[in-house]
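Secondary and tertiary structure notes
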Amino acid sequence: NGAMQVAQRSASVTGIGAADGYFTCDRWHLVSGATAGRLTMTQTADGPVGFANCIKLDCTTADTSIAAGENVLLQQRFEGQDLQSIGKGVTGAKEVTVSFYVKANAAFTFGCEVYDQDNTRQITKLFNTTTGWVRHEITFPADVDDGSSPFGDDNARSLDLSFWLHAGTTYTGGTLNTAAWANTTAANRAAGIDSFYSSTDNNFFLTGVQLEVGSVATPFEHRSYGEELALCQRYYVLYSAAAGAATYFATGFGYTTTAAISVFQFPVPMRTSPSLSTSGTASHYRWLNGGTFLTCSAVPAIDIANPFTSDVIFAQSSTTVGHGGMIGANSTTAAYLAFSAEL
């Protein structure tokens, strides 16, 4: 989702900053630690030629008294099995190149970091913003090491690509590690960056992000929306209904006299067995049983899940065992079922 095409969760979220999370554009995780600053994140219809969208961060509450442990990073996390062509940590390891388009309301210096979660090694390089879109191409050297720090060949989190936008002395008090991969020293991760939270005038725009093996940044690989959505659904699948819409999510059957069960078959295999999050309360959901609408008595919950399907229990006051039906949203409220297998 380097072109910020897909935003299943929301196109805009306000008041972000108290906690980490995925908020708007899929796969883009905001890390926010110990800061009083707040921001609005949006999928915004802006970009250089060839790009329809970007992520925009807009500072809504400044934080100019920066405590040591504060940080704000916008990052994407990668599975180890997708990184094996880099050959990290062994003889013959390859360089990696990050390219991206960025702009801001003024000139800032921020940091672009690649971080090895498997072996706690990292390297960061600085980049500058202007008020117009600029493409940056940053090459990071190979990490040959001593053969002891390859990426795990599995579906776990192995690499973070992070944009450092705000940090306290815990992360800025040393000397920026720019020349070679090194075992992590926190103070060397973001030395020299400016603060996105220095003023409520500040904003930051990012799109066209691409990570490649080798020392050459090639043109951005544009994909269709359908291709990009399917890739994102490996990590997050959303079933949603707007207020006022009689929407049904799935068919199912009476499991007991007080519960129905529906089987959700995911559009693509997910990274791992997902968790389920829901909106609002039990009354947001209903079961259509023999022509009768039954409001749920508890929020939907996963019974059994794997990367391919999930059985979800919907509790009601009176269900006919074995009868088929449909589960959906109460037509007066917005509701969603969100399956997450994020890193």
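Calculation criteria
- Residues numbered from 1 in each chain as written.
- Predicted model: local features only at pLDDT ≥ 70, side-chain atom pairs only at ≥ 80, totals over all residues.
- Heavy atoms only, no water.
- Phe/Tyr/Trp six-rings, centres within 6.5 Å; stacked < 30°, edge-to-face > 60°.
- Helix = DSSP H or I, 4+ residues; strand = E, 2+ residues; numbered from the N terminus.
- Buried < 20%, exposed > 50% of the residue type's maximum accessible area, 1.4 Å probe, protein only.
- Pairing = 2+ DSSP bridges.
- Axes fitted to C-alpha atoms, helices over the stretch in contact; angles between N-to-C directions.
- Salt bridge = Lys/Arg side-chain N within 4 Å of Asp/Glu carboxyl O.

Looking now at the packing of aromatic side chains. On inspection of all chains with the given rule, the structure shows 16 aromatic pairs. Considering the side-chain rings of tryptophan 28 and phenylalanine 163, the 6.4 Å spacing of their centres and the 45° angle between planes classify their relative orientation as tilted. Placement of the pair is tryptophan 28 in the loop between β2 (21–22) and β3 (29–33) and phenylalanine 163 in strand β11 (residues 157–167), with a sequence separation of 135 residues. Assessed through its relative accessible area of 1%, tryptophan 28 is described here as buried. Between phenylalanine 110 and phenylalanine 204, the aromatic rings sit 5.6 Å apart at their centres with planes inclined by 90°, giving edge-to-face as the arrangement.

We now examine the sheet that holds strand β14 (residues 236–241). Pairing between sheet strands relies on hydrogen bonds along the backbone, with the strands arranged either parallel or antiparallel. Pairing in this open sheet of three strands is antiparallel, and the strands run β14-β23-β17 from one edge to the other. Lying at the two open borders of the sheet, with one neighbouring strand each, are β14 and β17 (275–278). Along the sheet, successive strands turn relative to each other by an average axial angle of 15°, direction set aside.

A separate point is the sheet that holds strand β21 (residues 309–315). In spatial order, the strands read β19-β18-β22-β15-β16-β21-β20; together these seven strands make up an open sheet with antiparallel pairing. Each end of this open sheet is capped by a strand with a single partner; those strands are β19 (292–295) and β20 (301–305). Here the average twist between neighbouring strands, direction ignored, is 35°. Bridge analysis of strand β15 (residues 248–256) against strand β22 (residues 324–329) gives five bridges, and the strand direction is antiparallel. When the sheet's bridge partners are listed, phenylalanine 253 is paired in β22 with glycine 324.

Within the structure shown, the criterion is met by eleven salt bridges. Residue lysine 103 pairs with aspartate 46 through a salt bridge whose shortest N-O separation is 2.8 Å. Placement of the pair is lysine 103 in strand β7 (residues 96–104) and aspartate 46 in the loop between β4 (38–44) and β5 (54–61), with a sequence separation of 57 residues. Under the relative-accessibility criterion, lysine 103 is labelled buried at 13%. By relative accessible area, aspartate 46 is classed as partly exposed at 22%. Here arginine 121 makes a salt bridge to aspartate 143, at a shortest N to O gap of 2.8 Å. Residue arginine 121 is found in strand β9 (residues 121–128), and its partner aspartate 143 is found in the loop between β10 (134–140) and β11; the two are separated by 22 residues along the sequence. Overall, aspartate 143 belongs to the buried group, its relative accessible area being 4%. When salt bridges with common partners are traced through the structure, they connect Lys88, Asp116, Arg121 and Asp143 into a single cluster.

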